[in-house]
Structure formats: structure tokens, C-alpha cells
Amino acid sequence: MCGIVGYIGSQQAQPILLDGLKRLEYRGYDSAGIAVLDGGAISVRKCAGRIDKLRQMTDASPLRGTIGIGHTRWATHGEPTDLNAHPHTDVKGDIAIVHNGIIENHAALRRHLEKQGCVFVSQTDTEVAAHLIHTLYKGDMMKALQEAIRMLSGSYALAVLCENEPDVLYCVRLGSPLVVGVGQGEMFLASDIPAILPHTRDVVILEDREIAVLRRDSVDIFDDLGNRKTPAALHVSWDAAAAEKGGYAHFMLKEIFEQPDAVANTLTAYVGVDGFKEMLPGLPSRVDFIACGTAYHSGMAGAYYFAELAQTEAAAHIASEYRYKTLFPHPGQEVVAISQSGETADTLAALRKAQEMGADTAALTNTLGSTLERTVGKSLLTYAGPEIAVASTKAYITQVETLLLMAVDLGLRKGALSQERADELLNGLSALPEKMSRVLENQTYLQQYCDRHLHEKLMFFIGRGMDASLAMEAALKLKEISYLPCEAYAAGELKHGAIALISEGTPVIALCTRENLLEKTLSNLRETKARGAETICVCPERFAQQARREADIVWTVPDTDEMLLPLLVMLPMQLLAYHMAVAQGRDVDKPRNLAKSVTVE
Ligand code: F6R
């Protein structure tokens, strides 16, 4: 949520900051700004709107200087206006800060600072932090920041420029990510790795309550008591090209097409010639998945895999609910947090709650070095590469794949699954990338469907068992980027109320991956057709004949093991969402009101 960049070196800061912000725009895109320090004075350019608008402003009136900070915002406190855009300064403009996160005690601090004569010009919690740090500054920014850490509550990542210290860039984090990129005679700062990839792949990831002091040739890290810490640099394998569009019209489309490789890479990461590398440790008696949004949907799929392949009780929980729920610890329970970014505030809070309860915890994330990855004893990575589009595609598919692998591994170790069945699944998975590519090759039918159904008012997605979780993910994808209202239902539940919404021509899409449930789901589809719905069945080729007897339209994917079918049937659903959003002229990669990484509660 919101993106931060910073630079100190010998190059002009402005183009580096703007380029970094452009790469982070997916994190928030309602206003943006930069501050550059030169000749002992800080200058700010900021505006409501996207980075391109900021660029027009800086083209007309450039900022010169070799040290600066920048921000792209997803509004939490105060509307997206020019004044609420970051950077924020104190009254005199001696310091400038950019901030991600939420300062929870901003109202009390604001009252306190107003009494001391501070005049506020914006509605943001960030301006409170700017005034506070300025008030605490008595010639030593380290001390001011240590004091500020004690006074600010909430979550934040802050980058600070100070006129009195023109060769230093300060930053501090608590609960919101910040990484330092280490260059030759220059240092970079960002809230997310893709922003610095064109410059360096050597990064230092800040821990909570750490203060980083960046000079051209050094990065020094201190804890909140001022004790020096040794920065541990990490070399990231992602390269800049992985975070670029590479000829595709949108990041989302590129990421959809990267899925065959992502699945192959994830498989090789966990299954070598002699079997599984360590996945979940021990033999948990019960597994709970905690996650938000799309990651929650993959957790739902994971729960089915664990039950069916590992004979282990499992359930998925929405992290924002779990964190406030009365929980009952189970001996041998494992809680697995799932998150593409590894920075989602609710998921992290739910994980802490599970840890307080005494549960063993593990993480499944796409982001090496993320807070989530570093909070748990055991972390498993998905090998999807950087996901930039707000709508998650390849992260979801690799999460579902890894959950399947975890279930197979546990099933084997528990004796719940035979080696023969495990081999069948693993062989099926090896053959899957080619089948996925075949599904992706032909999208014309989906494009044509979307062109015809551009003006739909409502769509339904239904399925039973695992397919109900797929229906929820398909509906979320469509609604978040096309804004088309969608309902996702367990197929048998429809007639208990929601079927009242169906009228002449309402599209109802049934996802059918399970043979034992096919007839049941088709009969639910028939019920909607009797009320005027246009019915579509998405299924493997081997079900096509039966499906055609019931559904108006049948979209097929290649045959494979039924456990692997979720990884195939989701592809046309992602493409459906994509083409519907394109047909409607939506901003596919940056849908309204959303941001890629939700680091606030
Ligand atoms: C939807 C989407 C979101 C995320 C959710 C959790 O396409 O991307 O629903 O899945 O915000 O994010 P992570 O996985 O980063 O914790």
C-alpha cells in the first residue's frame, strides 16, 4: 500500500525517483510526489493523480540534486488531493518525509503538536509524523528518530530528508516494508524490491524498529536504542526484466502467460530426483490456513488437498476475521499463513495471534525477505517471480500447486498416500505446463464472449467442494478488474436464496473438475437455466459430452488428474476477467480503489 523510493549518490535524483515510483505505481496510484535536497534546501513537487502527471510537473519545473525521496499513495487518511500527497514537511520545510502505513495515535499527537504551535495543512497522519520529527530534532536526526519511534504507534515505513544533514538519507520501519539497494557510490531505498532492480540486486531488508542511515558509500543500521547492527545483504534472483511488461499490453496478461514456467519452477524447487525437499516439518494433526483475498481462496483449495491426500483436518480462515476470533489450540496444530507479498497486515496479525496461542507456524509466500517470511520458523516460497498486476494470477496458481505438493509430502510421510498415487500426481504436474500453454494459446473464444457480454449487470460462478473455492476466485478476478458485480456460490446453496437474482440471460458459469460432483453441479446449472440463465460449464474434455447436454456453452481444458484440474480451469477464468476488463476499457493493472499490497488493517 503506497510506494516509497529514495536515492543518494552522484546522479541526479529526480529521474531515478520518478522511474522507481513508476515501477511501484501498482502499490498505490492516487497521488504522488518527490522531494530533492540541493544547496541546503529541500524542494517538493507533488500532485493528486498518477506518476505521469507528476512527471509533467517535474518536466515543467525540474528538481536538481543528488539526494531525494518519493512516494506514490493509496489514500488512507484524507482524500487524494495535492495537499494530502506526500512528501510532507514541517512548517518551515526543514525536513521532508514520505510514509507508508498508518499512524494510529495521529489525532492525539496532532492536538499535542498544535498546542506547540504547529500548523497543519493536510488531513494526513503523515504530516503529524513530519511535525513530530521536526519538533524532536535538536541537531541529531538519529536521536529524533529514536524518540519518534517511542511516540508513534501504528505501522510505518518512513524516509526522511533533513536540510541540516544534506549528505544523509534516513529511514525507519515498523510493520511496513523497506529495502535498501546497495550500489557503487550510491544507495537506493524502496518499499518494494522491483523499484531498485534496474540499479542493483544487492539489498538490505530492514527489520522493525531499525533505523538505516544511508550515505553515498555506506549504509549503517541501528536499533531504536542507537546500537549499531550488522546489515545482512541479500542477493535477489529476480532481474529487472522480470518486473517489466516485456511486450505484453498489461502486466496481468504477461503474468497469466508466465504461469506454465512458474508452475515448472515451483515443482523443481521442491521435488528433486530423490523426492521432496523439506516442506511442512513434522506430522501436524491439523492445519489452519490464514490469508486474505486470493490467497485465502488458495488456502481453501489447500484445505481440500490436505483432507483428501494427507487425511489431515484442515481449514482456511480469512485473516482479518481470525485475528479477532476466540481460538481453541489443538495439540499438533500447524498454522500456515499464505501471502504473495508477505506484507499483508491482517495476515501478519493473524499469524502473531496463532503464535501467541502456541501453534507451530509456517508461511507460504512469493517474497523472499518479506516480513512474513522472516516471522516464522518455516517458510515455503512460491517461485512465481515478481507479480506486479494488482490482480493476482501466477501467485495464486503457484500457491495452489505448493499446497498440493505439501499435502502429497505429508500424505506420503503419514502413510495416507501411496507412493504410486504420489508419483501419478507428480508426473501429472510435470506434464502440466505444456497443457497450461495449450489453454493459453486459444483465447479468441473468451475475447468474443466478452465483446458480446460487455454490458452484463451480474454474473454467477458456481461449483461444489474444491470447485466452490475456484468459483470464488474466478468471481473475485472478474469483479476486481472489470467492476462487474459477481456472485460466487457453492452450487447446492443457490436455491436457498441467491437464485432469486437470476433473470433472463444472466450468465451462470459452473466450474466442474470432479467426476463425482459433475451430475450434481450440472443439475444446479439446469435449475438456473429454467429461470432464464445462460449457462456455461468449464470442465476437462472428458466431461464435455455430458456437459453439452445441460449447458448452453462448454469451455474445455485438456484432461489431467482431477487433483490438478484446478490449475487448468482457473486459466480461462483469469483470461475471462482480463478480456472483460479490456473490452470495458478498464485500467487492468491498476483497478480503482485497490493497491497491490495491503499493509494496513
Ligand atoms: C486479488 C488479490 C488480493 C490479494 C490479497 C492478499 O487479486 O491480489 O485479494 O490476494 O490482498 O495479498 P497477499 O497475497 O499479498 O497477502
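Residues numbered from 1 in each chain as written. Predicted model: local features only at pLDDT ≥ 70, side-chain atom pairs only at ≥ 80, totals over all residues. Heavy atoms only, no water.

**Looking at the site of the ligand**
In the region of the ligand, 13 residues are neighbours, and Ser-339, Gln-340, Ser-341, Thr-344 and Glu-480 sit closest. Residue Gln-340 places a main-chain N or O atom 2.7 Å away from an oxygen atom belonging to the ligand. Thr-344 is positioned such that a nitrogen or oxygen atom in its side chain is 2.4 Å from an oxygen atom of the ligand. Taking 410 Å² as the accessible area of the ligand by itself, protein coverage stands at 90%. Counting only elements with at least two residues in the shell around the ligand, the list comes to helix H8 (293-310) and helix H15 (466-482). (Near = heavy atom within 4 Å. Polar contact = N/O pair within 3.5 Å; in protein donor to acceptor, adjacent residues only side chain to side chain. Areas by Shrake-Rupley, 256 points an atom, 1.4 Å probe, with all protein chains shown as cover. Helix = DSSP H or I, 4+ residues; strand = E, 2+ residues; numbered from the N terminus.)

**Overview of the domain arrangement of the protein**
Domain boundaries in the protein define domain 1 (3-242), domain 2 (245-440) and domain 3 (442-601). Contact with domain 1, which involves 13 residues of that partner, is made by 13 residues of domain 2. Summed over both partners, the interface of domain 1 with domain 2 comes to about 1200 Å²; 60% of that surface belongs to carbon and sulfur atoms. Contact with domain 2 buries surface across domain 1, with Tyr-26, Trp-238 and Ala-242 losing the most and accounting together for 43% of the total. Taken together, domain 1 and domain 2 are joined by one salt bridge. Its salt-bridge partner being Arg-374, residue Glu-207 comes within 3.0 Å of it at the nearest N-O pair. On the surface where domain 1 and domain 2 come into contact, there are two residue pairs in polar contact (both at pLDDT 80 or more). (Domains from an automatic or database assignment. Contact = heavy atoms within 4.5 Å. Buried area = accessible area lost by both parts, 1.4 Å probe. Salt bridge = Lys/Arg side-chain N within 4 Å of Asp/Glu carboxyl O.)

**Re the environment of Thr-230**
Checked against the element boundaries, Thr-230 lands in the loop between strand E14 (228-229) and strand E15 (233-235). As for Thr-230 and Leu-426, which are separated by 196 residues in sequence, their C-alpha atoms are 42 Å apart.

**Let's talk about the packing of helix H13 (residues 419-441) against helix H18 (residues 565-583)**
Any two packed helices are characterised by how steeply their axes cross, that is the angle between the axes, and by the distance between the axes. Look at H13 against H18: their axes get within 10 Å of each other, and the N-to-C directions meet at 25°. Taken together, the axis directions place H13 and H18 in an arrangement best described as roughly parallel. Read as a crossing pair, H13 and H18 show a hand that is right-handed. From H13, Leu-429, Leu-432, Lys-435, Met-436, Val-439 and Leu-440 reach across to H18, where they touch Leu-567, Leu-568, Leu-571, Pro-572 and Leu-575. Of the residues contributing to the contact of H13 with H18, the split by class is 10 nonpolar, no polar and one charged. (Axes fitted to C-alpha atoms, helices over the stretch in contact; angles between N-to-C directions. Parallel < 35°, antiparallel > 145°, perpendicular 65-115°, else oblique. Left-handed = near helix turned anticlockwise from the far one by under 90°. Nonpolar A, V, L, I, M, F, W, Y, C, P; charged D, E, K, R; others polar.)

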